[in-house]
Amino acid sequence: MLKELHISNFAIIDDLTIEFEKGFNLLTGETGSGKSIIIEALELVLGGRGSRDMIRSGEEKAIVEAMFAVDDRMREIMKEQDVDEDDWLILTRELSDKYPSVSRVNGRPVTLSVLNSLTKGMVDVFGQHEHQSLLDISNHIKIVDSMIPQRGKELIGQLEDDYNTYRELIKSRDGLMMSAQERERETDLLTFQIKEIDEARLTEDDDEKLEAEFKRLFNLKDIIGGVSQAADLLGSSEYGAEGAISQIEKSVVALRDIKKFDKDLEEKSDRLDSLKYELEDLARELSGYVESQEIDEEALFSLRERLDKVNSLKKKYGNTVENILVFRDEAESRLTKLQNLDAELEGIEGKIESLKSERRKKAQTLSLFRKEAAEVLDKKMEQELSALSMENVTFKTGFKEREETGRNGLDEIEILIATN
């Protein structure tokens, strides 16, 4: 309950404190006396929008403070918002000409969102023409639903969930539907793609190893020439120049007779011997490599064709063999789906029809709850209006059934009234 409202430097109000008593409190005054400003100040302290224009002319800030007596429901909300529980709830809103607005609850600064969460539902403000929302037919079903029992409200939630599921199923069905010509066209394309990849018989070697082998064969003539030259420089004499092995052999001979005079020379002589034998082995291996190589134009042509094929597949389906094979598996999965499309569509249609029937049953049950609530509403409204000397009034909640079950069920509700 609102106990006190204090307003300072707000609009045309200099300083005003209003105390409220239990029961009906009435503010009266001529037009322009400030009645609406008091309501605006109350809306502001409850978390409404504020602007610097609301500050009284010539002042630097405006302050509105409201004090509420706390009930059990309010204590629960305060606990949820981590506000110190007390017998009183004091809300303060300060507008400054220089700084952002400040909100406080029991003296503690809070954000505007916390203030709004705390004050939601505390005060209802009805202004001129507020009743016109009653003329909006879309609100009539909400009025009736507010009076149905808990079981009916649970059905509203279930119908909401079922409606979303139903829309998803419709979306899935529409996404799968295509003309026979489109399906045949996509089936042919996928079949061709799978066949093209399968016929290539791709392996891991078709990536880097294939290209490396092609480069080797393509440059084999230069490779043989280079290896031959290396072998000759190691072991043969050409144009009077001795090979590296002959030079090392002479070094070995030069140390053979003198190494006995110095133990350090023995170790170096042994290393030269070892090096000579190693070079002789290497020279033989290089010569053997040259003799084993043969320039095979047919093999080179075959490799070139293979490389071109793999590169062509990479351009179409992925930049590696692994990506190509992944594409192939996805294409096969899509092809299988197309081939079984009729069965999948039939399955989705079955789910749609089953859910449609289930939703209708729930909607029919909900409609019974609504009609019972509407009878109570009609009777109570006629009693209330009769007490206002409107004895001949007729108040009737009209129902019209939809052809299809919607988000809110089958009912279209319109509240009708004849005042005389």
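See above for the structure.
This section reports on the structure supplied with the text. For every chain, the first residue of the written sequence is number 1, and numbering continues from 1 along that sequence. Totals for whole chains, interfaces and linings use all residues, but because this is a predicted model, local features are given only for residues with pLDDT of at least 70 and pairs of side-chain atoms are given and counted only at 80 or more. Excluded from the side-chain calculation are hydrogens and water; included are all heavy atoms of the structure.

Turning to the pairing of strand β5 (residues 102–105), a few remarks are in order. Burial classes follow relative accessibility: with a 1.4 Å probe on protein chains only, a residue under 20% of its type's maximum area counts as buried, one over 50% as exposed, and anything between as partly exposed. Secondary structure counts use DSSP, requiring at least four H or I residues in a row for a helix and at least two E residues in a row for a strand, with both numbered from the N terminus. Burial along β5 is one-sided: the residues Ser103 and Val105 are buried and none of Val102 and Arg104 is. Whether two strands pair depends on DSSP finding at least two bridges between them. Hairpin connection, strand β4 (residues 88–96) to β5: the antiparallel pair is bridged by 5 residues. Judged from the 3 bridges that link them, β5 and strand β6 (residues 108–110) form a sheet pairing that is antiparallel. Along β6, the bridge assignment pairs valine 105 with arginine 108. Remark: 2 residues form the turn of the hairpin made by β5 and β6, two consecutive strands paired antiparallel; asparagine 106 in that turn has positive phi of roughly 50°.

Our next topic: the packing of aromatic side chains. Describing an aromatic ring pair means giving the distance of the ring centres and the angle of the ring planes. Any pair of Phe, Tyr and Trp rings, taking the six-membered ring for Trp, is counted once the centres come within 6.5 Å. Such a pair is stacked with planes under 30 degrees apart, edge-to-face with planes over 60 apart, and tilted for the rest. Applying the stated criterion across every chain yields a total of 1 aromatic pair. Positioned above the aromatic ring of tyrosine 166, the side-chain terminus of arginine 359 is 4.6 Å from the ring centre. The residue whose ring lies beneath lysine 371 is phenylalanine 399, and the NZ or CZ to ring-centre distance is 5.8 Å. Geometrically, a charge over a ring is one whose NZ (Lys) or CZ (Arg) sits within 6 Å of the ring centre while staying within 35 degrees of the ring normal.

With that settled, the discussion passes to a negative patch on the surface. A patch consists of residues exposed above 30% relative accessible area that lack any salt bridge, with like charges linked at up to 9 Å and nonpolar side chains (Val, Leu, Ile, Met, Phe, Trp, Tyr) linked at up to 5 Å. Only the protein chains shown count as cover for residues, and all accessible areas are computed by the Shrake-Rupley method using a 1.4 Å probe. Any carboxyl oxygen of Asp or Glu that lies within 4 Å of a side-chain nitrogen of Lys or Arg is treated as forming a salt bridge with it. The positive count covers Lys and Arg only, the negative count covers Asp and Glu only, and His and the chain ends enter neither. Charge positions are represented by NZ for Lys, CZ for Arg, CG for Asp and CD for Glu. Judged by side-chain charge, Asp14, Asp15, Glu59, Glu60 and Asp97 come together as a negatively charged surface patch. Tracing the backbone shows aspartate 97 in the loop between β4 and β5.

All right, on to helix α5 (residues 150–176) then. Under the 1.5 Å per step criterion, the end-to-end length of α5 is 39 Å for 27 residues, consistent within 8% with the ideal 39 Å. When we look at burial in α5, the residues that qualify are Gly152, Leu155, Leu159, Asp162, Tyr166, Leu169, Ile170, Arg173 and Leu176. On the buried face of α5, the contacting elements are α12 (321–339), α13 (341–387), β7 (394–406) and β8 (409–418). Here the expected length of a helix is defined as 1.5 Å per residue gap, with one fewer gap than residues. Any two residues having at least one pair of non-hydrogen atoms within 4.5 Å are treated as being in contact.

Moving on to the pairing of strand β3 (residues 61–69). Side chains of β3 alternate between two faces, with Ala62, Val64, Ala66 and Phe68 buried and Lys61, Ile63, Glu65, Met67 and Ala69 left unburied. Relative to β3, strand β1 (residues 2–10) is paired through 6 bridges, and the arrangement is antiparallel. From the neighbouring strand, serine 8 faces β3, where its bridge partner is isoleucine 63. Relative to β4, β3 runs antiparallel, the two sharing 9 bridges. Looking at β4, one finds that lysine 61 is bridged to serine 96.

Right, let's get into the side chain of arginine 93. Along the polypeptide, arginine 93 turns up in strand β4. Residues adjacent in sequence count toward polar contacts only when both atoms are side-chain atoms; beyond that, a polar contact is any pair of N or O atoms within 3.5 Å, and within protein one must be able to donate a hydrogen and the other to accept it. In this structure the side chain of arginine 93 is engaged in a polar contact, spanning 2.7 Å, whose partner is the backbone oxygen of leucine 44. At 2.8 Å, the side chain of arginine 93 and the backbone oxygen of glycine 48 are in polar contact.

A word on the pattern of salt bridges. Tallied over the entire structure, the rule returns 22 salt bridges. Linking arginine 407 and glutamate 160 is a salt bridge whose minimum nitrogen-to-oxygen distance equals 2.7 Å. Of this pair, arginine 407 sits in the loop between β7 and β8 while glutamate 160 sits in helix α5, and the two are 247 residues apart along the sequence. Relative accessible area serves as the criterion here: at 34%, arginine 407 is assigned to the partly exposed category. Its salt-bridge partner being lysine 362, residue glutamate 358 comes within 3.4 Å of it at the nearest N-O pair. Separated by 4 residues within a single helix, glutamate 358 and lysine 362 lie in helix α13, roughly one turn from each other. Taking the relative accessible area as the measure of exposure, glutamate 358 reaches 37% and is therefore partly exposed. A single salt-bridge network, built from bridges that share partners, covers Asp198, Arg328, Asp329 and Glu332.

This next bit is on the sheet that holds β1. Pairing is antiparallel across the open sheet formed by 6 strands, whose spatial order is β2-β1-β3-β4-β5-β6. The sheet is open, and its two borders are formed by β2 (13–19) and β6, each paired with just one other strand. Across the sheet, the mean angle separating the axes of adjacent strands is 15° when strand polarity is ignored. Axis definition: a line fitted to C-alpha atoms, over the contacting stretch in the case of helices. Angles run 0 to 180 degrees between N-to-C directions. The strands touched by helix α1 (residues 35–45) within the sheet are β1, β2, β3 and β4, with β1 carrying the most contacts at an inclination of about 105°.

Here the focus is the environment of isoleucine 12. Mapped onto the elements of the fold, isoleucine 12 is located in the loop between β1 and β2. When the C-alpha atoms of isoleucine 12 and serine 33 are compared, they prove to be 9.2 Å apart, with 21 residues separating the residues in sequence. In contact with isoleucine 12, not counting residues within four places along its chain, are Gly32, Ile37 and Arg56.

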